[in-house]
Every structure is written in C-alpha cells, then in structure tokens.
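Per-entry structural report
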Amino acid sequence: MKILAIESSCDETAAAVVEDGTIVLSNIINTQIDLHRLYGGVVPEIASRQHIENIGGVVDMALRESKTTLDDLDAVAVTYGPGLIGALLVGVSYAKGLSFSLGKPLIPVHHIRAHICANYIETPELEPPFVCLVASGGHSNIVYVKSRTEYEVIASTNDDAAGEAFDKVSRVLGLGYPGGPAIQKAAEKGDKNAIRFPRVNMGEGGLDFSFSGVKTAVLNYIHNCDQRGEEIRTNDIAASFQQAVIDVLSDHLIEAAKNCRADKIALAGGVASNLPLRDLIREKSEKSGFKLFYPKPLLCTDNAAMVGCAAYYEYLNGNTADMTLNAYANLKI
Ligand code: KG4
Ligand code: ZN
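A separate point is the overall build of the chain. Scanning the chain for helices and strands turns up 11 helices and 10 strands. In summary, the chain has a C-alpha radius of gyration of 20 Å against a globular reference of 20 Å for 333 residues, a match within 12%. Here the C-alpha coordinates of the chain stretch approximately 65 × 45 × 30 Å along the principal axes. Restricting to contacts in the chain with at least 6 residues of sequence separation, those with at least 24 account for 73%.

Rendered as structure tokens:
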C-alpha cells in the first residue's frame, strides 16, 4: 500500500511516499529554519505563508523521487494536530483537496504518534509494548505504546517543552536557532559540571517534567555574571544546562519503563537526536536491562515519512477521515 504523507505542523513543509508503513520511497523536507532564524524562533504567520508557497512543489518532488504517479497512490495522509493551527491547516486543506480529487482515502495522523512511529522505519522488527520519550520543540512526553495505534501518556511537561528550553537558552547565549544542535555543539567544548543548574522533580515519584525553572536559572546566572562584570563562559553554561535537561529526561524515562514493566525503550522527536542524551539513556538502559531504540536524526526532527508510517497502521485499524476533517492545535494523543 502506497501512501502520500504530508506534514506541515511547524516550520517544515514535508511530503513523503511510504509503502506498507516502513519502506520510505521518498522523504522531502523543505525547512524554513533560515527564515525563522532572523527572529530567533518560529513566527507562526510566516510559517503558514511558507507552507502555502512550498507545499505543491514539495509534494511534486516526493512523487517524482519515489517514481510514483498520483494514480499509483492508495491513500493520502496528513498531520492534523497538534501544532501551529495556521500551519496545520495548509497541509490538511491540501491533503483533503488531493484525496477528494483522486477519490482515494484520507488518513488523519497525530503528530506525536508519527514521531513515535519513526522508530518502526528505523527498526521494522520493533514490536510494542514499549515506553517512548517524545521530546521536541512543542512536546515532552513519556508515552506507553501498547500497540501501533494505542497510546497512553504517562508524563508530560507542566510548562516548557525540552526543545523549547534548548531554543530559549540558546537565544540568550547568542547561539542562534534552532537551539538544540547549537547548544550540543557548544557543550562539546564546555564542562558539564561547571555549574549546577536545578533538576526539577514533580513531587514523590512524579514523572512529569518542568523545564521553566532550569531555563530561568540559566538566565539568572548569565544576568549575575553580567552584573559582576564576569566573563560569560558560554560553552560551560551550554554543557551544564544540557546536562541538567538530559539528566531529568533520562531519569524519568527509566523510572517510567520500570513502572510499566516494559523491557524496551524508544526515543522520538527533535531532542532525541541529541547525542549526549542518547549516550546517557543507552548507559542507563544497559544498567537496567532495557533494550533501546531510536531513529536516525533525520527521522527524529519533523518529516513526512514518519506520518506515512503512522498512517499505514491507522488505516489498517480503520481510521480514515472525510472532507469534514479539521486541524487541531491541541490534539490529545
Ligand atoms: O520534532 P521537532 O523537529 O519539531 C517539533 O515537533 O517541535 O523538534 C524541534 C526541536 C527544537 O526545539 C530543536 O532545538 C530540538 O528539537 N533539537 C535538539 C537537537 N536537534 C533538534 N535538541 C537538542 N539536541 C539536538 N541535537
Ligand atoms: Zn515534531
């Protein structure tokens, strides 16, 4: 079954053709990062306009690269939430138009489910149940994946998402957007033990996250250095901040896997491409006897191949939409 998948929930206009869930025939990503970099973060209105300009070309390219014609397609899939509402609407409207004109099924896909499904592309033999950390610019969740279409959120963030914290700290340090890769790079030259930033735990045994405290602690630290006329040691701050975030993400994930009595752990979302995070979770998983899975960096950040993969399983489970499909900024998993 060949699915054309479309993703436009944030600042990437993406289209892919995916066969039977895990065979990626094409995966085109048009990123708007250079445009948004000027403003230090994603500007929703600009993102929507760019999606409108790019989507036709990106879909054409995905079809061409996969040597697939519109007639060859079996269905059209699209991310319908969560995300930026204007951005989502571009993909949803385009997919609806295409599905209607071709007379082929329309499959609605949840963005976080898609991030999790990227793991099946990387490792087709991965079988649920497993516990997955989804950490991106908009989300920080620990999800219990019961089957390819059944999910239970066991932890979320009370304030900022992990990626959001990376982006904000990076901006203050003058390292630019997106913050994750920039902080990771600066951290390589810094000392992760230089400054002890807070690791917030939400009560006894609580697995939810809170990243606004560590972000504020970094801002205060920089402010104090400024006031005292001390040098701002950017690399040390980046390394210490990164360590504080990945300590919490990895601790909560391992704890959650133990609580669920799972024997497999997976990672997903843009922050999951952070190398020190992967290394730390690998080390902790080995110690606790969990098998660890994660997608390659290109499948961690936003892309449409993961949408095509999730769509296949949703379709097999009978989940299709009609022309009343809408986009939802806050969509429950
Ligand atoms: O999954 P994604 O592409 O988009 C959302 O759904 O939000 O994630 C983007 C986020 C950004 O906040 C970016 O700074 C972060 O992922 N990110 C990273 C790394 N690469 C991307 N964070 C930490 N380390 C990285 N290497
Ligand atoms: Zn995403």
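There's more to say after this.
The first and last C-alpha atoms of helix 4 (residues 111–122) sit 18 Å apart over 12 residues, in line with the 16 Å expected at 1.5 Å per residue. Of all the 12 residues making up helix 4, 11 are buried; the element is thus mostly covered by neighbouring parts of the structure. Here helix 4 has its buried residues at H111, I112, R113, A114, H115, I116, C117, A118, N119, Y120 and I121.

Quick look at the domain arrangement of the chain now. Along its sequence, the chain is carved into domain 1 (2–116 + 300–316) and domain 2 (128–297). Using C-alpha coordinates to define each centre, domain 1 is positioned 27 Å away from domain 2. Listed per partner, the contact involves 18 residues of domain 1 and 22 residues of domain 2. If you look at where domain 1 meets domain 2, you find 0 salt bridges. On the surface where domain 1 and domain 2 come into contact, there are 9 residue pairs in polar contact (both at pLDDT 80 or more). Secondary structure elements with two or more residues in the side of domain 1 that touches domain 2: helix 1 (33–37), helix 4 and helix 11 (305–316).

Turning our attention to the nonpolar core. With 46 residues, the main nonpolar core has L133, F197, F241 and L249 as its most contacted residues. Mapped by element, the contributors of at least two residues to this core are strand 6 (130–135), strand 7 (140–147), helix 5 (162–172), helix 6 (179–188), helix 7 (212–227), helix 8 (234–259), strand 9 (264–268) and helix 9 (275–288). Top element by residues in this core is helix 8. It accounts for 13 residues. Contacts of F197, omitting those with residues within four sequence positions, involve V214, A217, V218, Y221, I237, S240, F241 and A244. The next biggest cluster of nonpolar side chains, apart from the first, holds 36 residues, and it includes A75, I107, F293 and Y313.

Applying the stated criterion across every chain, the model contains 7 aromatic pairs. Taking 5.3 Å as the distance between ring centres and 75° as the angle between the ring planes, the aromatic pair formed by F166 and F241 counts as edge-to-face. Residue F166 is located in helix 5, and its partner F241 is located in helix 8; the two are separated by 75 residues in the primary sequence. Among the residues examined, F166 registers a relative accessible area of 2% and is labelled buried. For the pair F209 and F211, a centre-to-centre distance of 5.6 Å together with 15° between the ring planes defines the contact as stacked. Its relative accessible area of 2% is what places F211 among the buried residues. By way of ring pairs, the aromatic residues Y120, F130, Y312 and Y313 are connected into one cluster. Above the plane of the ring of Y120 lies R148, whose end atom (NZ or CZ) is 4.3 Å from the centre. For the cation-ring pair, R148 lies above Y313, with the distance from its terminal atom to the ring centre recorded as 4.8 Å.

Attention shifts here to the packing of helix 7 against helix 8. Two elements in contact, helix 7 and helix 8, have axes separated by 11 Å at closest approach and are oriented at 160°. Considering their axes alone, helix 7 and helix 8 lie roughly antiparallel with respect to each other. In the crossing of helix 7 with helix 8, the sense of the turn from one axis to the other is right-handed. Of helix 8, the residues touching helix 7 (which contributes V214, V218, Y221 and I222) are I237, F241, A244 and V245.

Ordered by their spatial adjacency, 5 strands build an open sheet running 3-2-1-4-5, and the pairing between neighbours is mixed. The strands lining the two open edges of the sheet, one partner per strand, are strand 3 (23–31) and strand 5 (106–110). Across the sheet, the mean angle from the axis of one strand to that of its neighbour is 20°, orientation sign disregarded. As paired strands, strand 1 (residues 2–7) and strand 2 (residues 12–19) are joined by 6 bridges and run antiparallel to one another. Each bridged residue has a counterpart across the sheet, and for L4 the counterpart in strand 2 is V17. Where helix 4 meets the sheet, its contacts fall on strand 1, strand 3, strand 4 (75–81) and strand 5, and the angle it forms with strand 5 comes to roughly 95°.

Cut-off values and rules
Residues numbered from 1 in each chain as written. Chains lettered and ligands numbered in written order. Predicted model: local features only at pLDDT ≥ 70, side-chain atom pairs only at ≥ 80, totals over all residues. Heavy atoms only, no water. Helix = DSSP H or I, 4+ residues; strand = E, 2+ residues; numbered from the N terminus. Rg over C-alpha atoms; globule rule 2.2 N^0.38 Å. Contact = heavy atoms within 4.5 Å. Expected span 1.5 Å × (residues − 1). Buried < 20%, exposed > 50% of the residue type's maximum accessible area, 1.4 Å probe, protein only. Domains from an automatic or database assignment. Salt bridge = Lys/Arg side-chain N within 4 Å of Asp/Glu carboxyl O. Polar contact = N/O pair within 3.5 Å; in protein donor to acceptor, adjacent residues only side chain to side chain. Core = buried A, V, L, I, M, F, W, Y, C linked by side-chain atoms within 4.5 Å. Phe/Tyr/Trp six-rings, centres within 6.5 Å; stacked < 30°, edge-to-face > 60°. Lys NZ or Arg CZ within 6 Å of the ring centre and 35° of its normal. Axes fitted to C-alpha atoms, helices over the stretch in contact; angles between N-to-C directions. Parallel < 35°, antiparallel > 145°, perpendicular 65-115°, else oblique. Left-handed = near helix turned anticlockwise from the far one by under 90°. Pairing = 2+ DSSP bridges.

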